[in-house]
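Descriptive structure summary
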Amino acid sequence: MPNIIEVKDLTKKYGELLAVDHISFSVKEGEIFGILGPNGAGKTTTLEMIEGLKRPSSGSIMLDGKDVERETEAVKAVIGVQLQSSSFFEALTLTELLDTFGAMYNRRVDPMELLEEVQLTDKAKAQAKELSGGQRQRLSIAIGMVNNPRVLFLDEPTTGLDPQARHNLWDLILQVRKKGTTVVLTTHYMDEAEVLCERVAIMDHGKIVSLDTPRMLIEQLLAKGFSKPVLQQKANLEDVFLATTGHALRE
Amino acid sequence: MYTTYKLTIAAIKMLTRNRQAFFFTLVMPVFIMLIFGYIGFDRPQLIDVGVSSEKPTPQTAALAEQIKKFPNLTIHEGTLADEQEQLNQGNRAAVLDFSGSSIVAYTNASKPESQAVVSILNQFISSATLQSAHVTPLVKVESHEVNAHNLRYIEFLLPGILALSIMQMSVFSVSFMFTQYKQNGVLKRLLATPMKPIQFVAANAITRLMVSVVQAVIFIVMGILLFHIHVVGSYALLLLCVILGASMFLGLGFTISGLAKTVDVVPVFANIIVFPMMFLGGTFFAISNMPGWLQVVAKLLPLTYFADSLREIMTKGAGLATLWPDLLGMAVWGVILITLATVTFRFQEREAA
């Protein structure tokens, strides 16, 4: 698979602080790529530089064969973005929001089709502020998909959601990937990365400390002689929670 | 073009569905105008005069009758003691006692109009004296009435309130919305699309210019229907002034959004600038009534140029020849405020470093 994103020696300085410290990695076309790391590790800054929202202090980013710094507008036309804060215009219905965002890409979109994909057709006439957390994130994804992007960026998409909404969003992300869209996401949840991501990069203090498939990262750790007391569990607490409360979405 | 058109449609929907904005843009100014329009500050004020007459002579009784018929006086008849009590409480400008053959005038020193009552009385006495002596007056005053177009208060007020409402709408609707969108990340989200920020700004500016024209239409129609004003000057010039005035205040609105980091400080910034202009900008009273130094300041305010231009066109039918100082004033303010807006307002907080 060819690489759709190539990041080389990327750095972001805020005064003396190196928020992103000479990182290099690439994302393969069609994969779900995860960036993990504690708060302040530089995940969001890295994402925003790739999205053309922040200028790198040094280094280069190529996306779909385009230089993000020099061809920012062309890059923005082929990516979809979901930011951590998912606020949208007030007083517009979801249909009108999707229509307006489509216009920003100079496109006429079919809002109902997009809402269908994220299971929000019954909210077509509602306003964004009336949505629950999970619905808001699904709306964010629908808005991110208005231009049928090559790459979809999701910044902590499941933070603050209940388990039902989280599982539902995972299904949605897998569905997006199935359509051929590459997904780059950040997360704090290791189970999420294990379920969704083909490959993950772990960041800390602005550096990528390891990058591989989740399976390989675990193998490598075990190969170093890591072990923890093994408790053979046939179910965990989340399984209990979902078995008692059901998989149906609450909102 | 398609993008800007669709964004304008969206901006119109957002603005018209905002009840708070609707209230402050249209309902409130209309109320203010109705209240001030119906109070009628331009009716002549009546002077309260107390009259007491106990056993008057025919001469004093005749004078008392003349005084009672004089227009602009409200006559209160009563006993001397009662009327003096009213005078002491400040409810009378003067009390005239027509008892016996002499007339005593009690006046309130703190009311300037009480002197007028005394001179009116004196005039009656002298003309009565002349008449009884069968003397023809040396000079006769002949008065001709001219039906000049006197500026009624509502005609003064309406252009001022219109200018004020357009200022409020332009400044507040822009500064609140854009600061909120900056604060909650909406503007950042827009930056992630290929749309140019200027397209979004233009869509919102166009929307507000349209609203200001709608405001002008509503005010003028209301003035014509309810207060029987007539617009003397050209509507095309009015439109030009409305657009110019609204543009400079949109510049101010965006400057405030640029300076304010959070929505909480928007009303503080906006009111510091807008509130003094409400009183100094010639909306409710003429600038010529202010002390000299304040007049200098007041004349340079953007709202003053704006209100004055609307008033000159509507009441005097002013053309470009007399309007140019106002137009120049607005143009200079427009350039200053829009430049400030482009310097301060960003879709994203500037990065340190």
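Shown above is the structure to which this text applies.
Overview of the structure. (Residues numbered from 1 in each chain as written. Chains lettered and ligands numbered in written order. Predicted model: local features only at pLDDT ≥ 70, side-chain atom pairs only at ≥ 80, totals over all residues. Heavy atoms only, no water.)

1. Structural notes on the side chain of A:Arg166
Put simply, the test is: Helix and strand assignments come from DSSP, with helices taken as H or I runs of at least 4 residues and strands as E runs of at least 2, each series counted from the N terminus. Contacts are residue-level and defined by heavy atoms, with any inter-residue pair within 4.5 Å sufficient.
With respect to the secondary-structure elements, A:Arg166 resides in helix α6 (residues 163-178). Sequence-distant contacts of A:Arg166, that is, excluding residues within four places in its chain, are made with A:Thr158, A:Leu161, A:Tyr189, A:Asp191, A:Glu192 and A:Glu238.

2. A short note on the interface of chain B and chain A
Rules: Definition used for salt bridges: Asp or Glu carboxyl oxygen within 4 Å of a side-chain nitrogen of Lys or Arg.
The partner chain A presents 33 residues to the 27 residues of chain B that form the contact. Between chain B and chain A we count 5 salt bridges in total. In this structure, B:Lys196 engages A:Glu73 in a salt bridge whose closest nitrogen and oxygen atoms are separated by 3.7 Å. Within the residue set of the side of chain B that touches chain A, elements represented by two or more residues are α1 (2-16), α6 (153-183) and α7 (186-191) of chain B. Element by element, the count of residues in the side of chain B that touches chain A is highest for α1(B), at 7 residues.

3. Comments concerning the environment of B:Met177
Residue and element names in this part refer to chain B. One can find Met177 in helix α6. Sequence-wise, Met177 and Met14 are 163 residues apart; in three dimensions their C-alpha atoms are separated by 10.0 Å. Residues contacting Met177, with those up to four places away along its chain left out, are Phe200, Asn204 and Arg208.

4. Brief notes about unusual backbone geometry
Peptide bonds are mostly trans, and most non-glycine residues show a negative phi. All names here are of chain A. Short version of the rule: Partly exposed describes any residue whose relative accessible area lies between the buried limit of under 20% and the exposed limit of over 50%, with all areas from a 1.4 Å probe on protein chains only and scaled to the type maximum.
In this structure, Ala91 takes a positive phi of about 75 degrees despite not being glycine. Here Ala91 shows up in the loop between β6 (79-82) and α3 (94-104). Using a relative accessible area of 10% as the deciding quantity, one classes Ala91 as buried. Even without being a glycine, Glu156 presents a positive backbone phi close to 50 degrees. Structurally, Glu156 can be placed in the loop between β7 (151-155) and α6. Accessibility expressed as a relative area gives 12% for Glu156, which makes it buried.

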